[in-house]
Amino acid sequence: MSPLRDDALAYAGHQVHVMRRREVGTLLSWAGDLNGRTMLDVAGGDGYWAGQAIRRGARAVSLDLARHKLAFGSRLKHRPGLVEGDALRLPFAPATFDVVMSVCAIEHFDDGPAALAEMARVLRPGGDLVMSADALTRAERWPDLFARHREKYHVQHTYPGERLVKLLDTAGLEVVRQTYMFRSERAERLYLGLSAKGGRVGWNAAAALSPLVALSDRRTPDTTGSVVLTHARRRQP
């Protein structure tokens, strides 16, 4: 397979999506000026989004357990450093990175608080953690869809914003800002419905709806939603 085709496939898989472009674009903007800064993307798959950080001047590393994703990422043009490893036991020394990013990964971990503690450990004092997570604040209204979502994507736990604030505080991080995506009841129902279909039939095929979801979010109070985006900063000693 040619490098150009690999890059095109990666673009289609990550950018042509009902939410990822807006989601990760927000996280990267919250991280601020990345020029010359070190970044770790935890559970970053093929490293595509860490590669976008490289385009912004970062020295980035992406960590994941899936070898096939890492193998694909090694063929991308803007590939970061690719490391096979466990988010619950990050293979890095304390205070290694200026920025840690994690895109909708923590909900898949058996022990989310342990993963946050590891992210905090490898983050330098004053460094930035930017992350997203399944919040699904109304999931109990659609128990069948929620059950299918959990099974299909191996979702172990959900993390509403207030829960993340407490967990991050325990890990030594102070939340700077948070925002929800898919805020309205209709949007949250859409999120779970797309999840039930999955893949190109769901998330990617629904990319055309992204502007409508963004408009709906702007018109809805920022207190509930399917996905919560969080920017936190490691406290100075």
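The model shown is predicted, which means the values in this text are computed figures rather than measured ones.

1. What to know about the overall build of the protein
Moving on, step 1. When helices and strands are counted, the protein shows nine helices and seven strands.
Moving on, step 2. Across the 237 residues of the protein, 52% fall into the buried class.
Moving on, step 3. Roughly 11,100 Å² of accessible area belongs to the protein as shown, and the carbon and sulfur atoms make up 53% of that amount.
Moving on, step 4. Distance from the positive charge centre (34 side chains) to the negative charge centre (26 side chains) of the protein: 5 Å.

2. Brief notes about helix H7 (residues 161-170)
Moving on, step 1. Gly161, Leu164, Leu167 and Leu168 are the residues of H7 that are buried. Looking down the long axis of H7, one finds its buried residues gathered within 125° of arc, a one-sided arrangement. For H7, the exposed residues lying more than 90 degrees away from the buried face are Glu162, Lys166 and Thr170.
Moving on, step 2. Turning to H7, the residues buried within the fold contact helix H5 (112-121), strand E5 (123-134), strand E6 (173-181) and strand E7 (227-234).
Moving on, step 3. One or two positions beyond H7, positive phi appears at Gly172, with a value near 90°.

3. Here we look at the UniProt feature "domain: Methyltransferase type" (unreviewed entry) in the protein
Moving on, step 1. According to UniProt, the "domain: Methyltransferase type" (unreviewed entry) feature falls on residues 40-130.
Moving on, step 2. As annotated, residues 40-130 comprises 27% helix and 30% strand, and the C-alpha atoms at either end are separated by 10 Å.

4. A look at the layout of surface pockets
Moving on, step 1. Approximately 1,500 Å³ is the volume found for the largest pocket.
Moving on, step 2. Forming the walls of the largest pocket are 45 residues, and the residues nearest its centre are His14, Arg20, Ala43, Gly45 and Lys69.
Moving on, step 3. Looking at the lining of the largest pocket, the elements with two or more residues in it are helix H1 (3-14), strand E1 (38-42), helix H3 (48-55), strand E2 (59-64), helix H4 (67-73) and helix H6 (143-153).
Moving on, step 4. Tallying contributions element by element places H1 first for the lining of the largest pocket, with five residues.
Moving on, step 5. As for the second largest pocket, its lining consists of Asp7, Ala10, Tyr11, Gly47, Tyr48, Gly51, Gln52, Arg55, Leu76, Lys77 and His78.
Moving on, step 6. Elements that contribute at least two residues to the lining of the second largest pocket include exactly H1 and H3.
Moving on, step 7. Looking at which element gives the most residues to the lining of the second largest pocket, the answer is H3, with four residues.

About the cut-offs
Residue positions are given per chain, counted from 1 along the sequence in the order it is written. Where local features are concerned, this predicted model is filtered to residues with pLDDT of at least 70; where side-chain atom pairs are given and counted, the filter is 80 or more; whole-chain, interface and lining totals use all residues. The basis for every side-chain value is the complete set of non-hydrogen atoms in the structure, without hydrogens or water. Under the scheme used here, helices are H or I runs from DSSP no shorter than 4 residues and strands are E runs no shorter than 2 residues, and both carry numbers assigned from the N terminus. Type-normalised accessible area, obtained with a 1.4 Å probe on protein chains alone, sets the label of each residue: buried when under 20%, exposed when over 50%, and partly exposed for intermediate values. To measure how exposed things are, a 1.4 Å probe is used in the Shrake-Rupley method; for residues, cover is taken only from the protein chains shown. Charge assignment: positive for Lys and Arg, negative for Asp and Glu; neither His nor the chain ends contribute. To locate a charge, the coordinates of NZ of Lys, CZ of Arg, CG of Asp or CD of Glu are taken. It is the directions from the helix axis to the C-beta atoms whose arc is reported. It only takes one pair of heavy atoms within 4.5 Å for two residues to be counted as in contact. UniProt positions are given in the numbering used here, feature names are shortened, and annotations may be inferred rather than shown by experiment. Using a 1 Å grid laid over the protein atoms alone, points where a 1.4 Å probe fits but cannot get out form a cavity; open sets with protein on both sides within 12 Å along at least 5 of 7 lines form a pocket; any residue with an atom within 4 Å of a point counts as lining. Grid points are joined across faces, edges and corners, and a volume is the space filled by probe spheres set on the points.

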